Amino acid sequence: MFSNCSDPSSLDGLAWFACYLTNGKHMAFYGSFGVVMVLLLITAPAALAFGFGGAMAARSPFLPLRLIGKAYSAMVRGIPDIAFFLFVPFAMDQGLEWLRHQAKCPDWDAPIRQGNDFVVCAAAKLPLSSSPQWVHETYGFFMAVFAFAVVFGAFAANVLYGAMRAVPRAQMETAEAYGMSDRQAFWRILVPQMWIYALPGLSNLWMILIKATPLLFLLGVEDIVYWAKELGGAKTSIYAYPHDDWRLYYFLGLLVFYLGLTRISEALLGRLTRNLSHGQATMGGEAQRKAPA
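These notes cover the structure that comes with them. (Residues numbered from 1 in each chain as written. Predicted model: local features only at pLDDT ≥ 70, side-chain atom pairs only at ≥ 80, totals over all residues. Heavy atoms only, no water.)

Each helix and strand counted, the protein chain has 10 helices and two strands in total. Each principal axis of the C-alpha distribution contributes one length, and for the protein chain these read about 80 × 70 × 30 Å. The buried share of the protein chain, reckoned over its 293 residues, is 36%. Intrachain contacts of the protein chain at a sequence separation of at least 6 include 66% that bridge at least 24 residues. Taken as a whole, the protein chain presents about 17200 Å² of accessible surface, with 65% of it coming from carbon and sulfur. Looking at the protein chain, you have 22 positive and 19 negative side-chain charges, and the mean spots of the two groups are 14 Å apart. (Helix = DSSP H or I, 4+ residues; strand = E, 2+ residues; numbered from the N terminus. Buried < 20%, exposed > 50% of the residue type's maximum accessible area, 1.4 Å probe, protein only. Contact = heavy atoms within 4.5 Å. Areas by Shrake-Rupley, 256 points an atom, 1.4 Å probe, with all protein chains shown as cover. Lys, Arg positive; Asp, Glu negative; His and termini not counted. Charge placed at Lys NZ, Arg CZ, Asp CG, Glu CD.)

What follows is the structure, encoded as C-alpha cells:
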C-alpha cells in the first residue's frame with residue numbers, strides 16, 4: 001500500500017508490521033468484516049419474513065396451508081443446521097441451472113446427471129463462466145444468505161407463532177366487539193402486540209445468527225474465519241512476509257470482534273424491549289407503570 005513496501009525483505013520493526021498489515025490480503029481480511037455485517041443486515045429481515053410467513057401459515061384455517069407452515073418449522077428445526085447450510089445452496093444452484101437448461105438448451109440430448117456430476121450447457125451455468133470474479137462471489141454470498149434465511153426463518157416462525165398465541169384472547173374479542181374483521185384485528189391488534197412476546201426468542205435467534213456467521217467459511221465465502229486461518233498460518237521465507245504461526249492472535253481478534261458485537265446487540269435489544277413494554281400487560285410493562293414518575 002505504501003511506496004516503501006515494495007521490498008519487504010528490507011524492512012524490519014514497525015515499518016515491517018505497517019506494510020504487513022496493509023498488504024492486499026489484509027485489505028481483503030478487513031473487508032470480510034463488512035461481509036459478515038452485510039450478511040447479518042440482510043439475513044435478519046429475510047429470516048424474519050420467512051418466519052412471519054411460516055407463522056401465518058401455521059395458524060391458517062386452511063388445513064393444507066397450516067400443515068405446510070408447521071412442517072416447515074418442524075422439519076428445519078429437526079435437522080442439523082449444517083446439513084441445511086450445505087444442502088440449500090447446492091440444491092438452489094442446481095435447480096436454477098436446471099430451469100435455465102430447459103429454457104436455453106432444448107436440443108440438449110445428453111443426460112444432466114452423469115454419475116456424480118451435474119452437467120448443463122454452458123449458457124445455463126450460474127454464473128456464466130465468462131462472468132467476472134465479483135459476480136461469482138456475489139452469487140455465492142446470496143446463496144449463503146438464502147440458506148441462512150431458510151434455517152433461521154424456521155426458528156423465527158416457531159417464535160412468532162408462540163408470540164401470536166400469547167396475545168390475550170380478550171384483545172381479539174374486544175376488536176371483534178368493535179366490528180373489526182379478522183384481517184383488521186390481525187394487523188391492528190395482534191401483530192402490534194405480539195412483538196413484546198416474540199422479542200426474547202428473536203433476541204436469542206439474533207445472537208445465534210451472529211455465532212453462525214463463521215459457517216460462511218464452509219459455504220466457500222471468504223469471511224473473517226477464512227482470512228484469519230489463511231493469514232495466521234505459518235509463512236516461510238518463500239512468502240513476502242514470513243512469520244511463525246500467528247493464528248492465535250488472529251482468532252483472539254475475532255473473539256474481541258464477536259464479543260463486542262454481542263455486547264452492542266444486548267444493549268440495543270434491551271432498549272428495544274423497554275420501548276415495546278410501554279403499556280403492555282407484561283412484567284416489563286408492569287414495572288414501568290409502578291416506577292416513580
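Now, onward.
Packed helices, taken two at a time, are described by the angle their axes make and the gap between the axes. Orientation of helix α2 (residues 24-58) relative to helix α5 (residues 133-166), taken along the N-to-C sense of each, is 45 degrees, at an axis distance of 5 Å. As judged from the angle between their axes, α2 and α5 are oblique. The way α2 lies across α5 gives a crossing that is right-handed. Within the contact of α2 with α5, the residues separate by chemical class into 25 nonpolar, four polar and no charged. (Axes fitted to C-alpha atoms, helices over the stretch in contact; angles between N-to-C directions. Parallel < 35°, antiparallel > 145°, perpendicular 65-115°, else oblique. Left-handed = near helix turned anticlockwise from the far one by under 90°. Nonpolar A, V, L, I, M, F, W, Y, C, P; charged D, E, K, R; others polar.)

Contact pair helix α3 (residues 63-78) / α5: the axes reach a minimum separation of 9 Å and the direction vectors enclose 120 degrees. As summarised for this structure, α3 and α5 are arranged oblique, according to the angle between their axes. In the packing of α3 onto α5, the handedness of the crossing is left-handed. Note on element contacts: α5 touches α3 through Ala149, Val150, Val151, Gly153, Ala154, Phe155, Asn158 and Tyr161, opposite Lys70, Tyr72, Ser73, Val76 and Arg77. Across the contact of α3 with α5, the residue classes tally to eight nonpolar, three polar and two charged.

Quick look at the state of the cysteines now. One pass over the structure, following the stated rule, counts one disulfide. Covalent S-S linkage joins cysteine 105 and cysteine 121, the inter-sulfur distance amounting to 1.8 Å. Classification of the bridge connecting cysteine 105 and cysteine 121 rests on its S-S torsion, roughly 80 degrees, and on that basis the disulfide is right-handed. Linking cysteine 105 in the loop between α4 (81-104) and β1 (113-114) with cysteine 121 in the loop between β2 (117-118) and α5, this pair joins segments that are 16 residues apart in sequence. Judged on exposure class, the residue cysteine 105 and its partner cysteine 121 are both buried. (Disulfide = S-S within 2.5 Å.)

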